[in-house]
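# Structural overview
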Amino acid sequence: MAIVDIQSPGNLDFWVVPFTKYSTWLILLLIAIPLLRFGFQGRVLKNPSVPIAAVAPGESIKNARQRFRQEAQKMLLEGYRKYKGKPFYVPSPLGELLMLPPKYVEELKTAAVDEVDFVGTFFRMFEGKYTTMGSRATLHPRVARLQLNQYMETVLQPVNDEVVNAFNDEIPVTENWTEVRIGPKLHWITTRAASRMLGGKALASHGGWLQATLDFATDGFTGSQKIKAYPDILKPIFGPMLSEARRIPRHYEVTRNAVVPILESRREKRDAANDFLQWMADDAKGEEQDFIYMADILLKLSFATTHTSAATPVQLVYDLCDYPEYIPSLRAEMEEVLAQHKVLDKRALGKLQKLDSFMKESSRFNPLLVVTFQRIVHKGWTLSDGFTIPAGTQVGFPSQASAMDPDLYPDPEVFDGYRHEKVRAAVVNDPSAVGRTQWAAANLENMAFGYGRHACPGRFFASHEVKMIMVHLLMTYDFKYVAGQKGRPANVMAEEQMVPNHDTKIQMRRKRT
(Lines give C-alpha, C1' and ligand atoms only; values in the text may rest on other atoms or scores of the structure.)
Protein backbone atom coordinates (compact mmCIF):
# COMPACT_ATOMS: atom_id res chain seq x y z
CA MET A 1 0.00 0.00 0.00
CA ALA A 2 1.28 3.46 -0.83
CA ILE A 3 2.41 5.64 2.04
CA VAL A 4 0.21 8.67 2.60
CA ASP A 5 2.34 11.77 2.05
CA ILE A 6 1.33 15.26 3.11
CA GLN A 7 3.03 17.71 0.80
CA SER A 8 4.37 21.05 1.95
CA PRO A 9 2.16 23.93 0.76
CA GLY A 10 5.25 25.38 -0.93
CA ASN A 11 4.92 29.05 -1.82
CA LEU A 12 2.87 30.72 0.89
CA ASP A 13 2.65 33.99 -1.05
CA PHE A 14 -0.78 32.69 -2.00
CA TRP A 15 -2.02 33.78 1.39
CA VAL A 16 -0.57 37.31 1.34
CA VAL A 17 -1.50 38.56 -2.13
CA PRO A 18 -4.68 40.67 -2.36
CA PHE A 19 -7.55 38.47 -1.33
CA THR A 20 -9.80 39.75 -4.11
CA LYS A 21 -7.71 37.70 -6.53
CA TYR A 22 -9.05 34.62 -4.76
CA SER A 23 -12.65 35.66 -4.24
CA THR A 24 -13.74 32.11 -5.00
CA TRP A 25 -12.41 31.10 -1.58
CA LEU A 26 -14.41 33.89 0.04
CA ILE A 27 -17.57 32.72 -1.67
CA LEU A 28 -16.97 29.14 -0.54
CA LEU A 29 -16.43 30.22 3.04
CA LEU A 30 -19.56 32.38 3.01
CA ILE A 31 -21.52 29.36 1.85
CA ALA A 32 -19.88 27.14 4.48
CA ILE A 33 -20.58 29.40 7.46
CA PRO A 34 -24.39 29.03 7.54
CA LEU A 35 -24.03 25.31 6.91
CA LEU A 36 -21.71 25.04 9.88
CA ARG A 37 -24.04 27.11 12.02
CA PHE A 38 -26.74 24.52 11.48
CA GLY A 39 -24.36 21.68 12.35
CA PHE A 40 -23.75 20.40 8.86
CA GLN A 41 -21.65 17.26 9.17
CA GLY A 42 -21.82 13.58 8.35
CA ARG A 43 -24.25 11.81 10.64
CA VAL A 44 -24.14 8.22 11.77
CA LEU A 45 -27.36 6.51 12.75
CA LYS A 46 -27.56 5.48 16.40
CA ASN A 47 -29.25 2.48 17.95
CA PRO A 48 -32.32 4.13 19.54
CA SER A 49 -32.40 1.63 22.40
CA VAL A 50 -28.95 2.70 23.68
CA PRO A 51 -28.78 5.56 26.21
CA ILE A 52 -26.40 8.51 25.91
CA ALA A 53 -24.37 8.88 29.10
CA ALA A 54 -22.69 11.83 30.79
CA VAL A 55 -24.96 14.60 29.53
CA ALA A 56 -25.88 16.84 32.44
CA PRO A 57 -29.52 17.92 32.94
CA GLY A 58 -30.18 20.87 30.67
CA GLU A 59 -26.84 20.45 28.87
CA SER A 60 -26.77 20.42 25.09
CA ILE A 61 -25.25 17.45 23.30
CA LYS A 62 -22.94 19.91 21.54
CA ASN A 63 -21.50 21.08 24.85
CA ALA A 64 -21.13 17.52 26.13
CA ARG A 65 -19.18 16.61 22.99
CA GLN A 66 -16.75 19.45 23.64
CA ARG A 67 -16.36 18.47 27.31
CA PHE A 68 -15.10 15.10 26.18
CA ARG A 69 -11.86 16.76 25.06
CA GLN A 70 -10.73 17.24 28.68
CA GLU A 71 -13.25 15.19 30.67
CA ALA A 72 -13.35 11.87 28.81
CA GLN A 73 -12.13 9.91 31.84
CA LYS A 74 -14.84 11.33 34.08
CA MET A 75 -17.60 10.94 31.48
CA LEU A 76 -16.70 7.33 30.73
CA LEU A 77 -16.60 6.41 34.40
CA GLU A 78 -20.04 7.96 34.88
CA GLY A 79 -21.44 5.98 31.96
CA TYR A 80 -19.79 2.71 33.01
CA ARG A 81 -21.13 2.92 36.55
CA LYS A 82 -24.64 3.82 35.44
CA TYR A 83 -24.93 1.26 32.63
CA LYS A 84 -22.51 -1.45 33.73
CA GLY A 85 -22.74 -4.56 31.57
CA LYS A 86 -24.77 -2.72 28.93
CA PRO A 87 -23.85 -0.64 25.89
CA PHE A 88 -24.00 3.13 26.14
CA TYR A 89 -23.07 6.11 24.02
CA VAL A 90 -20.66 8.78 25.21
CA PRO A 91 -20.58 12.17 23.44
CA SER A 92 -17.33 13.11 21.69
CA PRO A 93 -16.30 15.70 19.10
CA LEU A 94 -16.53 12.92 16.49
CA GLY A 95 -20.11 12.21 17.50
CA GLU A 96 -21.37 9.63 19.95
CA LEU A 97 -19.00 6.72 20.58
CA LEU A 98 -20.63 3.38 21.39
CA MET A 99 -19.11 1.76 24.48
CA LEU A 100 -19.53 -2.00 24.51
CA PRO A 101 -19.66 -4.45 27.42
CA PRO A 102 -17.12 -7.32 27.48
CA LYS A 103 -19.52 -9.89 26.01
CA TYR A 104 -19.79 -7.88 22.78
CA VAL A 105 -16.04 -7.26 22.66
CA GLU A 106 -15.56 -11.01 22.76
CA GLU A 107 -17.81 -11.42 19.71
CA LEU A 108 -16.10 -8.71 17.67
CA LYS A 109 -12.47 -9.59 18.43
CA THR A 110 -12.06 -11.87 15.38
CA ALA A 111 -14.13 -9.82 12.92
CA ALA A 112 -12.57 -9.06 9.54
CA VAL A 113 -10.70 -5.74 9.46
CA ASP A 114 -12.60 -4.50 6.40
CA GLU A 115 -15.82 -4.82 8.39
CA VAL A 116 -14.71 -3.95 11.93
CA ASP A 117 -11.83 -1.57 11.34
CA PHE A 118 -9.03 -1.07 13.86
CA VAL A 119 -6.73 1.14 11.77
CA GLY A 120 -9.51 3.55 10.86
CA THR A 121 -9.86 4.64 14.48
CA PHE A 122 -6.15 5.50 14.60
CA PHE A 123 -6.55 7.66 11.49
CA ARG A 124 -9.46 9.42 13.18
CA MET A 125 -7.72 9.87 16.52
CA PHE A 126 -4.62 11.44 14.98
CA GLU A 127 -6.20 13.00 11.87
CA GLY A 128 -4.02 10.77 9.70
CA LYS A 129 -5.05 12.46 6.46
CA TYR A 130 -3.05 15.50 7.56
CA THR A 131 -0.49 14.11 10.05
CA THR A 132 0.20 10.82 8.13
CA MET A 133 -0.15 8.94 11.43
CA GLY A 134 -1.59 5.49 10.95
CA SER A 135 -0.91 2.90 8.29
CA ARG A 136 -2.66 -0.03 6.70
CA ALA A 137 0.69 -1.58 5.80
CA THR A 138 1.07 -5.12 7.09
CA LEU A 139 4.87 -5.43 7.06
CA HIS A 140 5.59 -4.07 10.53
CA PRO A 141 2.72 -5.88 12.30
CA ARG A 142 3.90 -9.16 10.73
CA VAL A 143 7.46 -8.59 11.90
CA ALA A 144 6.36 -7.49 15.38
CA ARG A 145 4.24 -10.60 15.86
CA LEU A 146 6.83 -13.04 14.54
CA GLN A 147 10.48 -11.98 14.42
CA LEU A 148 10.45 -9.48 17.29
CA ASN A 149 9.05 -12.02 19.72
CA GLN A 150 11.06 -14.89 18.23
CA TYR A 151 14.39 -13.04 18.48
CA MET A 152 13.62 -10.97 21.58
CA GLU A 153 16.56 -12.35 23.52
CA THR A 154 19.04 -11.12 20.92
CA VAL A 155 18.01 -7.46 21.24
CA LEU A 156 17.61 -7.17 25.02
CA GLN A 157 21.29 -6.80 25.95
CA PRO A 158 21.98 -4.13 23.31
CA VAL A 159 18.84 -2.28 24.42
CA ASN A 160 19.94 -2.44 28.06
CA ASP A 161 23.38 -1.09 27.05
CA GLU A 162 21.63 1.79 25.31
CA VAL A 163 19.52 2.48 28.39
CA VAL A 164 22.62 2.72 30.58
CA ASN A 165 24.49 4.94 28.11
CA ALA A 166 21.47 7.19 27.59
CA PHE A 167 21.04 7.71 31.35
CA ASN A 168 24.74 8.57 31.66
CA ASP A 169 24.38 11.15 28.89
CA GLU A 170 21.05 12.63 29.91
CA ILE A 171 21.07 12.44 33.73
CA PRO A 172 24.68 12.39 34.98
CA VAL A 173 24.92 11.07 38.52
CA THR A 174 25.48 13.80 41.13
CA GLU A 175 26.27 13.56 44.83
CA ASN A 176 23.90 16.37 45.77
CA TRP A 177 20.23 16.78 44.98
CA THR A 178 19.75 18.16 41.47
CA GLU A 179 16.50 19.28 39.87
CA VAL A 180 15.60 17.36 36.72
CA ARG A 181 12.64 17.78 34.37
CA ILE A 182 12.14 14.05 34.21
CA GLY A 183 9.48 13.74 31.48
CA PRO A 184 11.55 14.93 28.49
CA LYS A 185 14.65 13.12 29.81
CA LEU A 186 12.88 9.76 30.00
CA HIS A 187 11.28 10.34 26.61
CA TRP A 188 14.71 10.82 25.02
CA ILE A 189 16.17 7.82 26.88
CA THR A 190 13.26 5.63 25.77
CA THR A 191 13.61 6.83 22.18
CA ARG A 192 17.28 5.81 22.16
CA ALA A 193 16.50 2.42 23.69
CA ALA A 194 13.68 1.71 21.22
CA SER A 195 15.85 2.87 18.32
CA ARG A 196 18.51 0.35 19.30
CA MET A 197 15.91 -2.38 18.75
CA LEU A 198 14.55 -0.75 15.60
CA GLY A 199 17.79 -0.15 13.73
CA GLY A 200 20.79 -1.08 15.85
CA LYS A 201 23.57 1.13 17.14
CA ALA A 202 23.75 3.19 13.94
CA LEU A 203 20.15 4.33 14.30
CA ALA A 204 20.26 4.79 18.09
CA SER A 205 23.24 7.12 17.71
CA HIS A 206 21.83 9.12 14.80
CA GLY A 207 20.87 12.49 16.27
CA GLY A 208 18.79 13.50 13.26
CA TRP A 209 16.68 10.34 13.45
CA LEU A 210 16.18 10.64 17.20
CA GLN A 211 15.04 14.24 16.92
CA ALA A 212 12.82 13.46 13.92
CA THR A 213 10.98 10.73 15.84
CA LEU A 214 10.33 13.05 18.77
CA ASP A 215 9.25 15.91 16.51
CA PHE A 216 7.04 13.62 14.44
CA ALA A 217 5.25 12.49 17.62
CA THR A 218 4.90 16.06 18.88
CA ASP A 219 3.72 17.51 15.60
CA GLY A 220 1.36 14.60 14.98
CA PHE A 221 -0.19 14.80 18.44
CA THR A 222 -0.38 18.62 18.62
CA GLY A 223 -1.41 18.98 15.00
CA SER A 224 -4.22 16.46 15.33
CA GLN A 225 -5.65 18.34 18.31
CA LYS A 226 -5.57 21.62 16.38
CA ILE A 227 -7.15 20.07 13.30
CA LYS A 228 -9.96 18.62 15.39
CA ALA A 229 -10.92 22.15 16.43
CA TYR A 230 -12.10 22.76 12.84
CA PRO A 231 -15.41 21.41 11.53
CA ASP A 232 -14.98 18.58 9.03
CA ILE A 233 -15.89 20.80 6.10
CA LEU A 234 -12.97 23.16 6.81
CA LYS A 235 -10.30 20.58 7.65
CA PRO A 236 -9.17 20.13 4.01
CA ILE A 237 -8.61 23.90 3.83
CA PHE A 238 -6.88 24.58 7.12
CA GLY A 239 -5.40 21.16 8.01
CA PRO A 240 -2.53 21.31 5.49
CA MET A 241 -1.84 24.95 6.45
CA LEU A 242 -1.00 24.20 10.08
CA SER A 243 2.68 24.55 10.92
CA GLU A 244 2.71 21.03 12.40
CA ALA A 245 1.41 19.50 9.17
CA ARG A 246 3.88 21.51 7.07
CA ARG A 247 6.80 20.21 9.15
CA ILE A 248 5.92 16.53 8.81
CA PRO A 249 7.44 16.02 5.31
CA ARG A 250 10.75 17.20 6.74
CA HIS A 251 10.61 14.44 9.39
CA TYR A 252 10.24 11.86 6.61
CA GLU A 253 13.17 13.40 4.74
CA VAL A 254 15.43 13.19 7.80
CA THR A 255 14.29 9.61 8.45
CA ARG A 256 15.03 8.51 4.89
CA ASN A 257 18.49 10.12 5.09
CA ALA A 258 19.17 8.10 8.25
CA VAL A 259 17.59 4.75 7.38
CA VAL A 260 18.21 4.24 3.66
CA PRO A 261 22.04 4.37 3.97
CA ILE A 262 21.90 1.73 6.70
CA LEU A 263 19.90 -0.58 4.45
CA GLU A 264 22.12 0.13 1.44
CA SER A 265 25.28 -0.56 3.45
CA ARG A 266 23.91 -3.84 4.74
CA ARG A 267 22.92 -4.94 1.25
CA GLU A 268 26.29 -3.99 -0.22
CA LYS A 269 28.30 -5.71 2.53
CA ARG A 270 25.81 -8.53 2.94
CA ASP A 271 25.91 -7.67 6.59
CA ALA A 272 22.73 -8.93 8.29
CA ALA A 273 21.83 -7.54 11.69
CA ASN A 274 19.47 -8.50 14.48
CA ASP A 275 17.08 -5.59 14.60
CA PHE A 276 13.62 -4.66 13.39
CA LEU A 277 14.85 -2.91 10.26
CA GLN A 278 16.71 -6.02 9.13
CA TRP A 279 13.75 -8.25 9.90
CA MET A 280 11.55 -6.00 7.76
CA ALA A 281 14.07 -6.15 4.93
CA ASP A 282 14.15 -9.95 5.15
CA ASP A 283 10.36 -10.31 5.25
CA ALA A 284 9.43 -7.59 2.74
CA LYS A 285 7.52 -8.54 -0.41
CA GLY A 286 6.78 -6.55 -3.56
CA GLU A 287 6.59 -2.80 -2.95
CA GLU A 288 7.55 -3.38 0.68
CA GLN A 289 11.12 -4.00 -0.49
CA ASP A 290 11.60 -0.34 -1.40
CA PHE A 291 14.00 1.22 1.12
CA ILE A 292 12.07 4.50 1.25
CA TYR A 293 8.91 2.54 1.99
CA MET A 294 10.66 0.82 4.90
CA ALA A 295 12.08 4.12 6.18
CA ASP A 296 8.62 5.72 6.19
CA ILE A 297 7.16 2.72 7.99
CA LEU A 298 9.91 2.92 10.61
CA LEU A 299 9.06 6.57 11.38
CA LYS A 300 5.40 5.70 11.89
CA LEU A 301 6.39 2.70 13.97
CA SER A 302 8.63 4.86 16.15
CA PHE A 303 5.55 6.66 17.45
CA ALA A 304 4.02 3.39 18.63
CA THR A 305 7.26 2.03 20.08
CA THR A 306 8.11 5.14 22.10
CA HIS A 307 4.71 6.65 22.97
CA THR A 308 3.64 3.97 25.46
CA SER A 309 7.12 3.09 26.61
CA ALA A 310 8.05 6.72 27.25
CA ALA A 311 4.87 7.59 29.15
CA THR A 312 5.01 4.57 31.45
CA PRO A 313 8.35 5.31 33.21
CA VAL A 314 7.28 8.91 33.80
CA GLN A 315 4.07 7.72 35.44
CA LEU A 316 6.05 5.21 37.50
CA VAL A 317 8.44 7.88 38.75
CA TYR A 318 5.55 10.09 39.83
CA ASP A 319 3.91 7.16 41.61
CA LEU A 320 7.14 6.27 43.40
CA CYS A 321 7.54 9.89 44.49
CA ASP A 322 3.97 9.68 45.79
CA TYR A 323 4.48 6.27 47.42
CA PRO A 324 8.21 6.10 48.32
CA GLU A 325 7.52 3.26 50.76
CA TYR A 326 7.63 0.87 47.76
CA ILE A 327 11.18 1.78 46.78
CA PRO A 328 13.07 -0.40 49.34
CA SER A 329 11.20 -3.62 48.45
CA LEU A 330 11.51 -2.96 44.69
CA ARG A 331 15.24 -2.45 45.09
CA ALA A 332 15.54 -5.59 47.20
CA GLU A 333 13.87 -7.61 44.45
CA MET A 334 16.17 -6.10 41.84
CA GLU A 335 19.27 -6.81 43.93
CA GLU A 336 18.20 -10.43 44.33
CA VAL A 337 17.61 -10.88 40.60
CA LEU A 338 20.86 -9.13 39.64
CA ALA A 339 22.76 -11.37 42.05
CA GLN A 340 21.37 -14.45 40.26
CA HIS A 341 21.78 -13.23 36.67
CA LYS A 342 24.75 -11.62 34.97
CA VAL A 343 22.51 -9.85 32.43
CA LEU A 344 18.92 -8.68 32.29
CA ASP A 345 17.65 -11.33 29.92
CA LYS A 346 14.05 -12.50 29.53
CA ARG A 347 14.35 -14.87 32.45
CA ALA A 348 15.75 -12.23 34.79
CA LEU A 349 13.19 -9.63 33.77
CA GLY A 350 10.43 -12.20 34.27
CA LYS A 351 11.44 -12.57 37.91
CA LEU A 352 10.75 -8.90 38.66
CA GLN A 353 7.25 -9.68 39.86
CA LYS A 354 6.94 -6.80 42.31
CA LEU A 355 8.01 -4.34 39.64
CA ASP A 356 5.56 -5.85 37.14
CA SER A 357 2.77 -5.55 39.70
CA PHE A 358 3.66 -1.93 40.46
CA MET A 359 3.72 -1.16 36.73
CA LYS A 360 0.29 -2.69 36.25
CA GLU A 361 -1.19 -0.78 39.20
CA SER A 362 0.29 2.47 37.92
CA SER A 363 -1.21 1.80 34.49
CA ARG A 364 -4.57 0.98 36.07
CA PHE A 365 -4.73 4.57 37.29
CA ASN A 366 -2.77 6.18 34.45
CA PRO A 367 -3.28 4.32 31.15
CA LEU A 368 -2.24 5.86 27.88
CA LEU A 369 -5.80 5.41 26.57
CA VAL A 370 -9.03 5.44 28.59
CA VAL A 371 -10.87 3.74 25.70
CA THR A 372 -9.39 0.65 24.05
CA PHE A 373 -10.58 -1.94 21.51
CA GLN A 374 -11.66 0.96 19.29
CA ARG A 375 -13.12 -0.05 15.96
CA ILE A 376 -15.18 1.49 13.16
CA VAL A 377 -18.01 -0.85 12.17
CA HIS A 378 -18.33 -0.24 8.44
CA LYS A 379 -21.55 -2.15 7.86
CA GLY A 380 -24.54 -2.85 10.07
CA TRP A 381 -23.69 -5.61 12.53
CA THR A 382 -26.04 -7.85 14.48
CA LEU A 383 -24.65 -9.68 17.50
CA SER A 384 -25.73 -13.07 18.81
CA ASP A 385 -28.40 -11.68 21.17
CA GLY A 386 -29.92 -9.48 18.45
CA PHE A 387 -28.23 -6.23 19.46
CA THR A 388 -27.46 -4.15 16.36
CA ILE A 389 -24.59 -1.77 15.67
CA PRO A 390 -25.45 0.71 12.88
CA ALA A 391 -23.04 1.11 9.96
CA GLY A 392 -20.37 3.75 10.51
CA THR A 393 -20.45 3.48 14.31
CA GLN A 394 -17.19 3.86 16.21
CA VAL A 395 -17.15 1.41 19.11
CA GLY A 396 -14.79 0.87 22.01
CA PHE A 397 -14.39 -0.45 25.52
CA PRO A 398 -14.10 1.94 28.51
CA SER A 399 -11.04 0.13 29.87
CA GLN A 400 -9.96 2.66 32.49
CA ALA A 401 -13.49 2.87 33.90
CA SER A 402 -13.54 -0.93 34.02
CA ALA A 403 -10.26 -0.83 35.95
CA MET A 404 -12.11 1.09 38.67
CA ASP A 405 -14.80 -1.61 39.02
CA PRO A 406 -14.92 -2.99 42.60
CA ASP A 407 -16.12 -6.34 41.25
CA LEU A 408 -12.81 -6.66 39.41
CA TYR A 409 -10.52 -4.82 41.81
CA PRO A 410 -11.48 -4.61 45.51
CA ASP A 411 -11.09 -1.06 46.85
CA PRO A 412 -10.36 0.19 43.33
CA GLU A 413 -9.67 3.77 44.42
CA VAL A 414 -6.80 2.59 46.63
CA PHE A 415 -3.36 2.41 45.02
CA ASP A 416 -1.95 -1.00 45.97
CA GLY A 417 1.36 -1.46 44.18
CA TYR A 418 1.51 -5.18 44.93
CA ARG A 419 -2.16 -5.91 44.24
CA HIS A 420 -1.36 -7.98 41.16
CA GLU A 421 1.53 -9.83 42.77
CA LYS A 422 -0.92 -11.06 45.42
CA VAL A 423 -3.30 -12.27 42.71
CA ARG A 424 -0.41 -14.00 40.98
CA ALA A 425 0.60 -15.76 44.20
CA ALA A 426 -2.93 -17.11 44.57
CA VAL A 427 -2.87 -18.71 41.09
CA VAL A 428 0.81 -19.63 40.92
CA ASN A 429 0.06 -23.26 39.95
CA ASP A 430 -1.99 -22.22 36.92
CA PRO A 431 0.36 -20.87 34.20
CA SER A 432 -2.44 -19.38 32.10
CA ALA A 433 -3.86 -17.56 35.11
CA VAL A 434 -0.40 -16.29 36.05
CA GLY A 435 0.02 -14.88 32.55
CA ARG A 436 -3.23 -12.96 32.89
CA THR A 437 -1.85 -11.04 35.88
CA GLN A 438 1.09 -9.54 33.95
CA TRP A 439 1.43 -5.92 32.89
CA ALA A 440 1.68 -6.98 29.24
CA ALA A 441 -1.38 -9.24 29.36
CA ALA A 442 -4.21 -8.57 26.90
CA ASN A 443 -7.49 -10.01 28.13
CA LEU A 444 -11.00 -8.90 29.05
CA GLU A 445 -9.82 -7.85 32.52
CA ASN A 446 -6.87 -5.87 31.17
CA MET A 447 -7.36 -4.22 27.79
CA ALA A 448 -4.68 -1.54 28.10
CA PHE A 449 -2.96 -3.13 25.08
CA GLY A 450 -6.17 -3.93 23.26
CA TYR A 451 -7.66 -7.36 22.73
CA GLY A 452 -8.03 -9.95 20.02
CA ARG A 453 -6.14 -10.03 16.73
CA HIS A 454 -5.09 -6.38 17.04
CA ALA A 455 -3.71 -6.52 20.58
CA CYS A 456 -0.38 -4.68 20.54
CA PRO A 457 2.21 -7.19 19.25
CA GLY A 458 5.09 -5.17 20.73
CA ARG A 459 3.79 -5.15 24.30
CA PHE A 460 6.27 -7.78 25.50
CA PHE A 461 9.21 -5.75 24.25
CA ALA A 462 7.68 -2.67 25.89
CA SER A 463 7.47 -4.55 29.19
CA HIS A 464 11.14 -5.57 29.02
CA GLU A 465 12.22 -2.06 28.01
CA VAL A 466 10.33 -0.32 30.82
CA LYS A 467 11.72 -2.78 33.37
CA MET A 468 15.29 -2.15 32.17
CA ILE A 469 14.74 1.59 32.53
CA MET A 470 13.28 1.24 36.02
CA VAL A 471 16.03 -1.14 37.20
CA HIS A 472 18.73 1.31 36.18
CA LEU A 473 16.81 4.26 37.61
CA LEU A 474 16.16 2.67 41.02
CA MET A 475 19.59 1.08 41.35
CA THR A 476 21.47 4.25 40.38
CA TYR A 477 19.51 7.21 41.72
CA ASP A 478 17.56 8.48 44.68
CA PHE A 479 14.70 10.71 43.63
CA LYS A 480 11.83 12.66 45.18
CA TYR A 481 9.52 15.56 44.49
CA VAL A 482 11.03 19.03 44.64
CA ALA A 483 10.19 21.05 47.72
CA GLY A 484 6.73 22.54 47.46
CA GLN A 485 5.33 19.95 45.05
CA LYS A 486 1.80 19.30 46.27
CA GLY A 487 0.98 15.75 45.38
CA ARG A 488 1.15 13.89 42.12
CA PRO A 489 1.15 16.10 39.00
CA ALA A 490 -2.16 15.86 37.17
CA ASN A 491 -2.23 14.02 33.86
CA VAL A 492 -3.07 15.89 30.68
CA MET A 493 -6.25 14.66 28.98
CA ALA A 494 -6.71 14.95 25.22
CA GLU A 495 -9.95 13.07 24.51
CA GLU A 496 -9.21 9.34 24.97
CA GLN A 497 -5.50 9.96 25.55
CA MET A 498 -3.94 10.41 29.00
CA VAL A 499 -0.48 11.93 28.96
CA PRO A 500 1.83 12.47 31.95
CA ASN A 501 2.76 16.03 32.85
CA HIS A 502 6.15 16.74 31.26
CA ASP A 503 6.75 20.06 33.01
CA THR A 504 7.19 18.58 36.49
CA LYS A 505 10.67 18.60 38.02
CA ILE A 506 11.98 16.11 40.56
CA GLN A 507 15.17 16.01 42.59
CA MET A 508 17.77 13.33 41.85
CA ARG A 509 21.14 12.25 43.23
CA ARG A 510 23.35 9.17 43.44
CA LYS A 511 21.64 6.32 45.31
CA ARG A 512 22.81 6.12 48.89
CA THR A 513 23.15 2.70 50.51
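Below or above, wherever it landed, is the structure these notes cover. Predicted model, so just to flag it, every value in this text is computed and none were measured.

Right, let's talk about the overall build of the protein chain for a bit. Within the protein chain, the secondary structure is distributed over 20 helices and 12 strands. Compactness check: the protein chain gives a C-alpha radius of gyration of 24 Å against a globular reference of 24 Å for 513 residues, within 12% of the reference. Taken over the C-alpha atoms alone, the protein chain extends approximately 70 × 60 × 50 Å along its principal axes. A burial count over the protein chain gives 52% of its 513 residues as buried. A separation threshold of at least 6 residues defines the contact pool for the protein chain, and within that pool the share at least 24 residues apart is 74%. Here the protein chain displays about 23,300 Å² of accessible surface, and carbon together with sulfur accounts for 56% of that area. In the protein chain, the 63 positive side-chain charges and the 57 negative ones have mean positions that sit 2 Å from each other.

Of all hydrophobic cores here, the largest spans 93 residues; its most connected members are F276, L298 and F479. Among the elements that make up this core, the one with the highest residue count is helix α13 (residues 291-322) (15 residues). Sequence-distant contacts of L298, defined by excluding residues within four places in its chain, comprise L198, L203, W209, V259, F276, L277 and M280. Listed in part, the 19 residues of the second largest apolar core include A111, F387, V395 and M447.

Before going further, it helps to examine the environment of T218. As for its placement among the helices and strands, T218 is situated in helix α9 (residues 207-228). On the basis of relative accessible area, T218 is assigned to the partly exposed category, the value being 44%.

For the structure shown, the criterion picks out 38 salt bridges. Put simply, E96 and R65 hold a salt bridge, and the shortest N to O gap is 2.9 Å. Placement of E96 in the loop between β1 (88-90) and β2 (97-99) and of R65 in helix α2 (residues 61-82) is noted, with a sequence separation of 31 residues between them. A single burial state applies to E96 and to R65, both of which are buried. K185 is the partner of E170 in a salt bridge, and the nearest nitrogen-oxygen pair spans 3.8 Å. With a gap of 15 residues between them, E170 in helix α7 (residues 152-170) and K185 in helix α8 (residues 182-204) connect regions that are remote in the sequence. Salt bridges here are not isolated pairs; linked through shared partners, they connect R142, D283, K285 and E288.

The buried fraction of strand β8 (residues 393-397) amounts to 5 of the 5 residues, a majority that puts the element mostly inside the structure. Taking every second residue as pointing to the same face, both faces of β8 are buried, with T393, V395 and F397 on one and Q394 and G396 on the other. Bridge count between β2 and β8: 2 bridges; the pairing is parallel. Bridging from a neighbouring strand, L98 pairs with V395 of β8. In terms of strand pairing, strand β5 (residues 372-377) meets β8 through 4 bridges, oriented antiparallel. Bridge assignment links T372 to a residue of β8, and that residue is F397.

This part covers the sheet that holds strand β4 (residues 178-181). Spatial ordering of the open sheet is given by β4-β12-β9, a layout of 3 strands whose pairing is antiparallel. At either margin of the open sheet sits one strand with a lone partner, and together these are β4 and β9 (477-481). Ignoring strand direction, the axes of neighbouring strands in this sheet form an average angle of 40 degrees. Examined bridge by bridge, β9 and strand β12 (residues 505-510) share 5 bridges and lie antiparallel to one another. Each residue of the ladder has a partner; that of Y477, found in β12, is R510. Packed on one face of the sheet, α13 meets β9 and β12 and runs near 75 degrees to β9.

What follows is about the packing of helix α16 (residues 353-365) against helix α18 (residues 419-426). Orientation of α16 relative to α18, taken along the N-to-C sense of each, is 125 degrees, at an axis distance of 7 Å. The orientation of α16 relative to α18 falls into the category oblique. Contacts from Q353, K354, S357, K360, E361 and R364 in α16 reach R419, H420, E421 and R424 in α18. Taken together, the residues of the contact of α16 with α18 sort by class into no nonpolar, 3 polar and 7 charged.

Scoring rules and cut-offs
- Residues numbered from 1 in each chain as written.
- Predicted model: local features only at pLDDT ≥ 70, side-chain atom pairs only at ≥ 80, totals over all residues.
- Heavy atoms only, no water.
- Helix = DSSP H or I, 4+ residues; strand = E, 2+ residues; numbered from the N terminus.
- Rg over C-alpha atoms; globule rule 2.2 N^0.38 Å.
- Buried < 20%, exposed > 50% of the residue type's maximum accessible area, 1.4 Å probe, protein only.
- Contact = heavy atoms within 4.5 Å.
- Areas by Shrake-Rupley, 256 points an atom, 1.4 Å probe, with all protein chains shown as cover.
- Lys, Arg positive; Asp, Glu negative; His and termini not counted.
- Charge placed at Lys NZ, Arg CZ, Asp CG, Glu CD.
- Core = buried A, V, L, I, M, F, W, Y, C linked by side-chain atoms within 4.5 Å.
- Salt bridge = Lys/Arg side-chain N within 4 Å of Asp/Glu carboxyl O.
- Pairing = 2+ DSSP bridges.
- Axes fitted to C-alpha atoms, helices over the stretch in contact; angles between N-to-C directions.
- Parallel < 35°, antiparallel > 145°, perpendicular 65-115°, else oblique.
- Nonpolar A, V, L, I, M, F, W, Y, C, P; charged D, E, K, R; others polar.

Nothing here speaks to function; it is all geometry.
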